[in-house]
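The primary structure of each chain is shown beneath.
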Amino acid sequence: MEGQRPYYYMTELKPVTQSQATPVPKVPTLPDAQTVTEVKHYTDRLFSFKCTRPASLRFRSGEFVMIGLMGDPDPKTGKQKPLLRAYSIASPSWDEELEFYSIKVQDGPLTSKLQHIQPGDEVILRPKPVGTLVHDALLPGKRIWFFATGTGFAPFSSLLREPQTYQDYDEVVITHTCRTVGELTYGAEIIEGLKTDELLNEVIGDGFWKKIKYYPTTTREDSPKMGRITDLMRSGEAFEDLGVAPINPEHDRAMVCGNLAFNLEIKDMLEGYGLEEGANSDPKTYVVEKAFLD
Ligand code: A2P
């Protein structure tokens, strides 16, 4: 719990002699600590990691939690405070472990440190999942669009492995716009992995992944499809490439997760197509979450 004091504070007012004193642990256990089990680096700006999942943690695919590390000791008081940021859970709700996908900001207070974690290290995880990129916030439809830029792919990594996505929709379109080809790797691997995931093919139905239309684009490095998704939709090129009709509020639903400028621009576009922003308490036809950067 935040603000909870280590046990040795509770005894500090007791008059104890040196020999009776409880030894003070040199490295106090982190509050809400989870153990890192795997770390993968994709580019000098991106990495993913997995950690243990608290037995009591229940979440809906697409939600986020606060995670972080202990900050440096205050130079005056020597006290350490947790340094936390909101991170979308990239693993699906049924998974035993938790996965996260992160940017590395070299002078970012958290990710400058977080990028160096190794298996066996501890991270802090506040087990209170929340978020709007959940199926409950959308009305029923036929086709769902997942729009991501950069690390905004994370909640869709969870939702693409969530059986409900395929129960609720006939077609799943995932667009991912990144600066470079290397920044697409994490998402491309998740999607490719669905084809050979025996458990998912058994649970959801053999070949469920054929419902997915994946549309990766880059803006600062050559790739088969260049350009921002917003421009490609405006010109009609994206719909032509995908072989689907432009977005229609009757059948299409959308979830958005990317940088702020992208979120604002695509929100406007979706409203132009006639979609309306929903929430957990008021499901409608699209929802937005911002990608949380350091
Ligand atoms: P661009 O290279 O043209 O800025 P970042 O890594 O900075 O978060 O950006 C991720 C991707 O999102 C980049 O390819 C970037 O394109 C793209 N992007 C940034 N702003 C917008 C926007 N308003 N609409 C669409 N894509 C955007």
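Note that the coordinates shown come from a computational prediction; the quantities given were computed from them, not determined experimentally.

### Considering the overall build of the protein chain
For the protein chain, the helix and strand inventory stands at nine helices and 11 strands. Among the 294 residues that make up the protein chain, the fraction classed as buried is 46%. Taking as baseline every contact in the protein chain between residues at least 6 positions apart, the subset at least 24 positions apart corresponds to 71%. Counting every atom, the protein chain has about 14900 Å² of accessible surface; 52% of that belongs to carbon and sulfur.

### Considering the packing of aromatic side chains
Under the defined criterion, the tally for this structure stands at 12 aromatic pairs. Taking the centre distance of 5.4 Å and the plane angle of 35° together, the rings of F49 and F100 count as tilted. A residue pair is termed long-range when its members are at least 10 positions apart, and F49 in strand 2 (residues 46-51) and F100 in strand 5 (residues 98-103) qualify at 51 residues. In this structure F49 comes out as buried when scored by relative accessible area, which is 1%. Its relative accessible area of 0% is what places F100 among the buried residues. Ring plane angle 15° and centroid distance 4.7 Å describe the contact between F146 and F156, whose orientation is recorded as stacked. Taken together, the residues F146 in strand 7 (residues 143-149) and F156 in helix 3 (residues 154-159) connect sequence positions 10 residues apart.

### Remarks on helix 5 (residues 185-195)
Taken as a whole, helix 5 has its buried residues at Y186, G187, I190, I191 and L194. All buried residues of helix 5 fall inside an arc of 130° around its axis, so they share one side.

### Observations concerning the sheet that holds strand 1 (residues 33-41)
Across a sheet, strands are paired by hydrogen bonds formed along the backbone, either parallel or antiparallel in direction. What the six strands build is an open sheet, ordered 4-3-6-1-2-5; its pairing is antiparallel. Sheet topology places strand 4 (82-88) and strand 5 at the edges, where each strand pairs with a single neighbour. For this sheet, the mean angle separating the axes of adjacent strands, direction not counted, is 40°. Across three bridges, strand 1 lies against strand 6 (residues 122-130) in antiparallel orientation. Of the residues in strand 6, the one forming a bridge with Q34 is V123.

### So, the site of the ligand
The ligand sits among 13 residues. The nearest are R45, R179, T219, R220 and E265. At 2.7 Å from an oxygen atom of the ligand is found a side-chain nitrogen or oxygen belonging to T219. Contact between the ligand and A261: a nitrogen atom at 3.4 Å from a main-chain N or O atom of the residue. Relative to its unbound accessible surface of 560 Å², the ligand loses 85% to contact with the protein. At the level of elements, strand 8 (171-178) and helix 9 (260-272) are the ones that each hand at least two residues to the shell around the ligand. If one sorts the elements of the shell around the ligand by residue count, helix 9 sits on top with three residues. Grouping the amino acids of the shell around the ligand by side-chain chemistry returns three nonpolar, five polar and five charged.

### So, the pairing of strand 8
Of all eight residues making up strand 8, eight are buried, and the element is well covered by its neighbours. Alternating residues of strand 8 divide into E171, V173, T175 and T177 and V172, I174, H176 and C178, and every residue in both groups is buried. With seven bridges connecting them, strand 8 and strand 9 (residues 212-218) associate as parallel partners. When the bridges of strand 9 are listed, V172 appears paired with I212.

### Considerations on the confidence of the model for the protein chain
Looking at the protein chain as a whole, its pLDDT mean stands at 90, while 88% of the residues score no less than 70. Per-residue pLDDT stays below 50 along residues 1-20; that stretch engages in 13 contacts with residues further than four places along the chain or on separate chains.

### Examining the side chain of D252
Residue placement: D252 occurs in strand 10 (residues 252-258). For D252, the side chain forms a polar contact with the side chain of W145, separated by 2.8 Å. With residues up to four places along the chain from it excluded, the contact list for D252 reads R143, W145, P246, I247, L275 and T285.

### Notes on the environment of K128
Take K128: it is sitting in strand 6. Along the sequence, K128 and L57 sit 71 residues apart, while their C-alpha atoms lie 7.8 Å from each other. Excluding anything up to four places from it in sequence, K128 contacts F64 and V65.

What counts, and at which threshold
Residues numbered from 1 in each chain as written. Predicted model: local features only at pLDDT ≥ 70, side-chain atom pairs only at ≥ 80, totals over all residues. Heavy atoms only, no water. Helix = DSSP H or I, 4+ residues; strand = E, 2+ residues; numbered from the N terminus. Buried < 20%, exposed > 50% of the residue type's maximum accessible area, 1.4 Å probe, protein only. Contact = heavy atoms within 4.5 Å. Areas by Shrake-Rupley, 256 points an atom, 1.4 Å probe, with all protein chains shown as cover. Phe/Tyr/Trp six-rings, centres within 6.5 Å; stacked < 30°, edge-to-face > 60°. Arc of directions from axis to C-beta. Pairing = 2+ DSSP bridges. Axes fitted to C-alpha atoms, helices over the stretch in contact; angles between N-to-C directions. Near = heavy atom within 4 Å. Polar contact = N/O pair within 3.5 Å; in protein donor to acceptor, adjacent residues only side chain to side chain. Nonpolar A, V, L, I, M, F, W, Y, C, P; charged D, E, K, R; others polar. pLDDT = per-residue confidence, 0-100.

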